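Each chain, written out:
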Amino acid sequence: MTTPAALPPLPFNPSRVRSYILRLPLFTRLVLLAIVAFWILELQTIWSVVQWGSLTPDEIGLGTMYRLNTYPFIHMGFFHTLLNILALTPLLERFEAEHGTLTSVALFIGPLSTLPAGLYLLVEKVILHRNTPVIGASVWAFLLLGSEAVRTFKSHPYFSIGSYKIPTWTSPLLACVFASVLIPNTSFLGHLCAVLVGYLLGLGYLKVFVPPEKILRWIEGKLNLLGRLPHYVSVDQKTYGRYGVLPTANPVGDRSTPLTYLGSTQLPTRNLRSKPHLLFVRLPYLLSFLCIVVGVIWLLLLPLSEYSRRTYISENALLPGQVHAYFSGSEQNIFRGYKKELEGLLVQSILRAAGLKVATQNYEYTSAGITHQGQNTYAIINAPRGDATEAIVLVAAWKTADGELNTNGITLALTLARYFKRWSLWSKDIIFLITPDSKSGTQAWIDAYHDMHPPSVQPLPLKSGALQGALVVEYPFDHRFESLHIVYDGVNGQLPNLDLFNTAVSIAGGQMGISAVLQGMWDHDDSYEARLETILWGMVKQGFGYATGAHSSFMPYHVDAITLQTKGEGWQDEMALGRTVESLCRSLNNLLEHLHQSFFFYLLMQSNRFVSIGTYLPSAMLIAGNFTIMAIALWMRTGYYAGSSTSSSANAPVDEKKETTQKEKDASPAKTDASGVMERQLALPLTFVVGLHLLGLLPLYIFNNLSHQYFTPAVYTCILADILLPLTLAAPLTHHSPSTPSTPTNAIPQHYLLIKSFSLLLLGLFLSTLATLNFSLSFMIGLLCAPLTFTNRTTSTSVLRYIFSTIGLVLLNVLSPPVVLVGGCWYAGVSVESVLTQAAFGWDVWGMWTQVVVWCVWWPAWVIGCALLGSSMF
């Protein structure tokens with residue numbers, strides 16, 4: 001009896017795995033890259049990719065139809081991603097090799113994603129009335145298994161297990177059952193729908209979705225896809241279809257062109273390195289343009305209900321509107337009496353008479369040649385049930401943010417101080433702050449409270465605990481009011497916790513019956529136009545970064561604050577406003593810890609509707625990303641000019657190529673490697689870009705330290721300098737151009753491309769970082785800088801160069817920072833001097849850094865773009 005020889009083990013060969021990966025066709029590579037990219041995006045906590053792109057039945061609407069195509073790319077974790085990649089890769093690369101890249105794109109981005117999704121939605125939502133979300137590329141794996149099972153059934157109808165014969169077309173169904181049993185959280189219904197669509201694909205019922213071969217050949221011929229894209233499988237390259245139902249090319253034996261399977265064979269006349277401009281010149285412009293367009297469209301979609309949510313209270317301890325406000329009745333007589341006493345400016349005596357600890361603080365600021373000085377008065381109610389570790393601030397300024405006299409606001413604050421003193425329910429100290437204005441007084445007090453004040457500001461003799469919140473009251477007229485205007489924008493685009501805003505809206509509207517409005521939208525009708533206008537006004541204020549009221553000074557110290565402004569003429573009186581403030585203070589008094597559960601980054605489109613950062617952030621990131629795409633493309637492009645002549649002569653005889661290569665080596669001083677990539681000269685581009693960014697410190701210093709009466713002539717002088725400076729820089733750049741015999745005469749010199757690459761790279765880096773801190777400023781600067789992506793040195797004839805360069809410089813000068821400032825002031829009807837005076841005050845007092853972004857990020861990038869465009873004139 002002989003023992004059969006054991007088969008030798010098959011060793012694991014990493015080189016074969018590496019060869020297999022390198023031979024993957026283009027669409028398969030892109031799908032795997034997208035899967036990995038979405039998995040990496042899911043690791044961050046700001047934006048949930050799963051919630052955004054999963055196939056959730058209840059979330060499917062007109063504005064969320066993209067979910068029918070995004071769900072196969074999204075996965076829950078590393079093992080989910082890895083298993084689906086391992087299962088999908090061999091099936092997908094075989095399909096693409098058999099039917100071509102364009103056919104694969106048309107099918108998998110279209111019907112092979114939407115048909116399983118539609119069938120799943122039909123059964124899950126309409127029949128079963130459930131809402132189970134599904135994600136993962138296993139839908140494509142089971143779909144291809146179903147199609148393969150139909151093909152196998154035609155040649156091998158059965159497979160045997162013992163004496164039983166089982167049809168081969170049932171193998172995907174068995175795989176669905178095993179996957180549901182062995183792998184947790186697996187959707188049997190989703191896999192079953194995918195298998196059924198796979199059966200339809202294998203039987204040929206989906207041929208209607210396959211583009212005709214003539215159209216595919218015409219597209220490939222016009223766009224030269226095989227020459228431009230590596231690992232592309234064309235119509236003439238695909239193998240005979242195993243599925244036997246989709247259109248195929250000529251038989252294998254009739255092909256005159258060499259077979260390229262999985263992209264392993266590269267045609268020498270269509271090598272990517274022979275025509276790098278096809279990938280590094282044209283494609284980046286298209287991608288950058290698409291990023292800008294999609295970013296703008298993304299923002300315009302935000303007012304739709306599908307992309308926003310209703311506001312809600314995250315901190316349950318606030319209990320807004322759950323307590324009865326007792327501020328009424330006899331307190332109105334106290335209010336009227338205090339109002340008469342205010343004519344003698346007896347604020348301190350009134351507060352002392354109410355039994356409060358009173359102190360004063362003198363301060364003085366000097367900005368743009370203007371001195372701001374005054375005296376703050378504040379009083380503290382020590383909490384009967386607290387230990388003086390936490391406090392709430394109630395602010396009333398003599399002058400509102402609009403410069404009006406806030407007599408009723410001051411009177412109401414004094415009345416509330418006397419009223420609050422009589423209650424024993426407070427667990428936090430309450431500080432009543434009376435300031436001369438809404439700009440400098442509050443800033444001086446909050447700086448001194450945290451011991452961050454300059455020498456010209458007096459320290460505070462009295463203090464309490466950590467500030468938990470602040471409310472500012474503005475009631476500048478004597479008649480009754482109609483609504484409350486809630487102002488929430490802070491310095492540098494900072495926003496208070498959304499719970500504070502929602503609490504104010506809930507108390508005003510739900511408990512007191514007072515309508516709450518924001519961003520000056522008095523007649524908000526909840527239409528798309530009104531929502532969009534509210535968002536844009538909020539973005540403008542956030543992008544400018546200035547203080548919109550006394551509450552803004554609290555934001556840098558992480559103290560949530562809002563301003564309540566009375567607007568209109570109605571039937572609400574000071575007692576209604578007092579009850580609103582009382583109820584707000586009672587809610588803040590309930591807090592056990594600082595507000596933290598709700599959002600700090602949001603866009604409000606209505607008093608009860610908002611957009612979170614995970615929804616609106618991609619719009620700014622896309623605009624910032626277009627600069628990075630172009631910068632990387634320019635960097636790649638700079639390394640191919642030296643080898644362009646060599647590469648273009650790839651089909652020349654061997655002796656002629658050797659002679660040409662030797663001549664180029666002797667004539668060109670630049671070093672090239674074996675692939676013809678030229679060494680990059682970085683000294684001049686880096687010096688030029690870094691130098692201009694440092695030069696931006698000069699206008700930053702001038703406009704923050706100049707006296708206010710010189711601001712207007714300084715701006716027009718800056719406009720004149722911006723016209724001359726790029727032309728002055730363009731002349732030496734042109735004379736420095738190091739052309740070589742191997743460089744084409746109409747080619748853009750390397751240092752031009754490197755300068756633009758470094759400039760756009762820094763611009764994209766700054767704006768993408770800024771988008772997480774001040775989304776609105778990043779979005780606005782990105783749009784104003786968008787033309788810089790497409791500006792380039794003109795290489796036409798001398799006459800056309802002058803014409804194109806002149807037109808381009810005129811258009812770019814319209815978008816220069818000082819010209820945009822003058823145009824914005826003219827449109828808003830304000831003077832340039834007042835705007836720059838406010839900006840200088842923000843720099844000196846509020847710590848506003850909008851000017852840094854303008855002069856050290858936007859202005860250098862603009863100068864570089866104008867200099868490169870102006871170099872065509874020399």
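All residue numbers refer to positions counted from 1 along the written sequence of the respective chain. Residue-level local features of this predicted model are given only where pLDDT is at least 70; pairs of side-chain atoms are given and counted only at 80 or more, and the full residue set underlies all totals for whole chains, interfaces and linings. For side-chain calculations, the full set of non-hydrogen atoms in the structure is used, while hydrogens and water are omitted.

An unreviewed UniProt entry lists the chain under the name Peptidase S54 rhomboid domain-containing protein, with Aspergillus glaucus CBS 516.65 as the source organism.

To continue, consider the overall build of the chain. Secondary structure elements are taken from DSSP: a helix is a run of H or I of four residues or more, a strand is a run of E of two residues or more, and numbering for both begins at the N terminus. Helix and strand counts for the chain stand at 33 helices and 13 strands. Per-residue burial over the chain gives 51% buried out of 874 residues. Long-range pairs, those at least 24 residues apart, make up 80% of the contacts in the chain between residues at least 6 apart in sequence. As presented, the chain carries roughly 39,800 Å² of accessible surface, and 64% of it is formed by carbon and sulfur atoms. For the exposure calls, accessible area comes from a 1.4 Å probe over protein chains only, and a residue counts as buried if that area is under 20% of its type's maximum, exposed if over 50%, partly exposed in between. Should any heavy atoms of two residues lie within 4.5 Å, those residues are counted as being in contact. Here the accessible surface of atoms and residues is derived via Shrake-Rupley with a 1.4 Å probe, and residues count as covered only by protein chains that are part of the display.

We now examine the packing of aromatic side chains. Aromatic rings from Phe, Tyr and Trp, taking only the six-membered ring of Trp, are treated as a pair when their centres fall within 6.5 Å; an angle between ring planes under 30 degrees marks them as stacked, one over 60 as edge-to-face, and anything in between as tilted. Inspection of the entire model under this criterion finds 30 aromatic pairs. Note on F78 and F79: the rings are 5.4 Å apart at their centroids and 75 degrees apart in plane angle, and the pair reads as edge-to-face. The exposure class of F79 is exposed, given its relative accessible area of 63%. Aromatic ring contacts, followed pair by pair, group F27, F38, W52, Y66, F73, F95, F108 and W140 into a single cluster. Charges are assigned to positions over rings by a cutoff of 6 Å between ring centre and Lys NZ or Arg CZ, combined with an angular limit of 35 degrees from the ring normal. Residue placement shows K439 over the ring face of F841; its charged tip is 4.6 Å from the ring centre.

Attention now moves to the packing of helix α8 (residues 138–155) against helix α10 (residues 188–203). How two helices pack is summed up by the angle between their axes together with the distance between the axes. Angular values range over 0 to 180 degrees, each being the angle between N-to-C directions of two axes fitted as lines to C-alpha atoms, with helices fitted over their stretch in contact. One way to put it is that α8 packs onto α10 with a least axis distance of 7 Å and a crossing angle of 40 degrees. Between α8 and α10, the interaxial angle falls into the category oblique. Taken as a pair, α8 and α10 cross one another with a handedness that is right-handed. Counted together, S138, V139, F142, L143, G146, S147, V150 and K154 of α8 and H191, A194, V195, V197, G198, Y199, L201, G202 and L203 of α10 form the full contact between these two elements. Following the grouping adopted for this structure description, the nonpolar residues are Ala, Val, Leu, Ile, Met, Phe, Trp, Tyr, Cys and Pro, the charged ones are Asp, Glu, Lys and Arg, and the polar ones are all others, Gly among them. Here the residues of the contact of α8 with α10 are counted per class, giving 10 nonpolar, 6 polar and 1 charged. Oblique is the label for any angle not under 35 degrees, not over 145, and not in the 65 to 115 range, which are roughly parallel, roughly antiparallel and roughly perpendicular in turn. Definitions for this section: a left-handed crossing has its near helix turned counterclockwise from the far helix by less than a right angle. A right-handed crossing has that turn clockwise.

Let us now look at a negative patch on the surface. There is a patch of like negative charges on the surface, built from E482, D523, D525 and E529. Mapped onto the fold, D525 is located in the loop between β10 (515–517) and α19 (528–544). Judged by its relative accessible area of 55%, D525 falls in the exposed class. A residue counts toward a patch only above 30% relative accessible area and without a salt bridge, and it is joined to like-charged neighbours within 9 Å or, for Val, Leu, Ile, Met, Phe, Trp and Tyr, to nonpolar neighbours within 5 Å. Salt bridges are counted wherever a side-chain nitrogen of Lys or Arg sits within 4 Å of a carboxyl oxygen of Asp or Glu. A positive count includes Lys and Arg, and a negative count includes Asp and Glu. His and the chain ends are not counted in either. To locate a charge, take atom NZ for lysine, CZ for arginine, CG for aspartate or CD for glutamate.

Our next topic: the confidence of the model for the chain. Low pLDDT means the predicted coordinates in that region are not meant to be read closely. For the chain, the mean per-residue pLDDT works out to 82, and 84% of the residues sit at or above 70. The model gives residues 240–278 a pLDDT under 50, and that stretch makes 88 contacts with residues more than four places away or in other chains. Ignoring residues within four places in sequence, the model shows residues 739–745, a span with pLDDT below 50, making 10 contacts including any to other chains. The predictor attaches a confidence to each residue, called pLDDT, with possible values from 0 through 100.

Bringing the sheet that holds strand β7 (residues 429–435) into the picture now. Strands were regarded as paired on the criterion that DSSP finds at least two bridges between them. The strand order β4-β5-β7-β6-β8-β11-β9-β10 describes an open sheet built from 8 strands, whose pairing is mixed. Of all the strands in the sheet, the pair left with one neighbour each is β4 (357–367) and β10. The average angle at which neighbouring strand axes cross in this sheet is 25 degrees, direction not considered. Strand direction decides the pairing type here: strand β9 (residues 481–487) and β10, joined by 3 bridges, are parallel. Directly across from L484, in β10, lies its bridge partner A516.

If you look at soluble globular proteins, the nonpolar side chains tend to sit buried side by side. Residues belong to a common nonpolar core when they are buried Ala, Val, Leu, Ile, Met, Phe, Trp, Tyr or Cys residues joined through side-chain atoms within 4.5 Å. Of all hydrophobic cores here, the largest spans 63 residues; its most connected members are L416, F420, F432 and V581. No other element matches helix α16 (residues 407–421), which puts 8 residues into this core. Contact partners of F432, with chain neighbours within four places excluded, come to L356, T377, Y378, A379, I381, L394, A413, L416, A417 and F420. By size, the runner-up hydrophobic cluster in this structure holds 55 residues, among which are C718, V854, W855 and W862.

Where helix α24 (residues 683–695) contacts helix α33 (residues 850–870), the axes come no closer than 8 Å and their chain directions differ by 130 degrees. Classified by the angle their axes make, α24 and α33 are oblique. The interaxial crossing formed by α24 with α33 has right-handed handedness. Residues F688, V689, L692, H693 and L695 of α24 form the contact with α33, whose participating residues are C856, W859, P860, V863, I864 and A867. Classifying every residue of the contact of α24 with α33 gives 10 nonpolar, 1 polar and no charged.

What follows is about helix α30 (residues 798–814). Expected helix span is given by 1.5 Å per residue-to-residue step, counting one fewer step than there are residues. A rise of 1.5 Å per residue sets the reference length of α30, with its 17 residues, at 24 Å; its end C-alpha atoms lie 25 Å apart and thus fit the reference within 8%. Of all the residues in α30, the buried ones are R801, S805, G808, L809, L812 and N813. When α30 is viewed along its axis, its buried side chains cluster within an angular range of 130 degrees and face the same direction. Facing away from the buried side of α30 by more than 90 degrees, the exposed set consists of V799, V810 and L811. When we speak of the arc, we mean the arc of directions from the helix axis to the C-beta atoms.

Now for the sheet that holds strand β12 (residues 602–606). The strand order β3-β13-β12 describes an open sheet built from 3 strands, whose pairing is antiparallel. Of all strands in the sheet, those with a lone pairing partner are β3 (309–310) and β12, marking the two edges. In this structure, β12 lies alongside strand β13 (residues 609–612), joined through 4 bridges in antiparallel fashion. Across the sheet, residue Y602 finds its bridge partner in β13, namely S612. Lying over the sheet, helix α21 (residues 613–637) contacts β12 and β13, oriented at roughly 60 degrees with respect to β13.

In this fold, S776 is placed in helix α28 (residues 775–785). Identification of polar contacts relies on pairs of N or O atoms within 3.5 Å, with a donor-acceptor requirement for protein atoms, meaning one able to donate a hydrogen and the other able to accept it, and with residues adjacent in sequence counted only if both atoms are side-chain atoms. Reaching out from S776, the side chain makes a polar contact with the backbone oxygen of M539 at a distance of 3.5 Å. Those residues in contact with S776 that sit more than four places away from it in its chain are M539, Q542 and G543.

The residue G63 is located in the loop between α3 (49–53) and α4 (67–70) in this model. Sequence spacing of G63 and S305 is 242 residues, and the spatial spacing of their C-alpha atoms is 8.7 Å. When near neighbours in sequence (up to four residues on either side) are disregarded, G63 contacts E306 and Y307.

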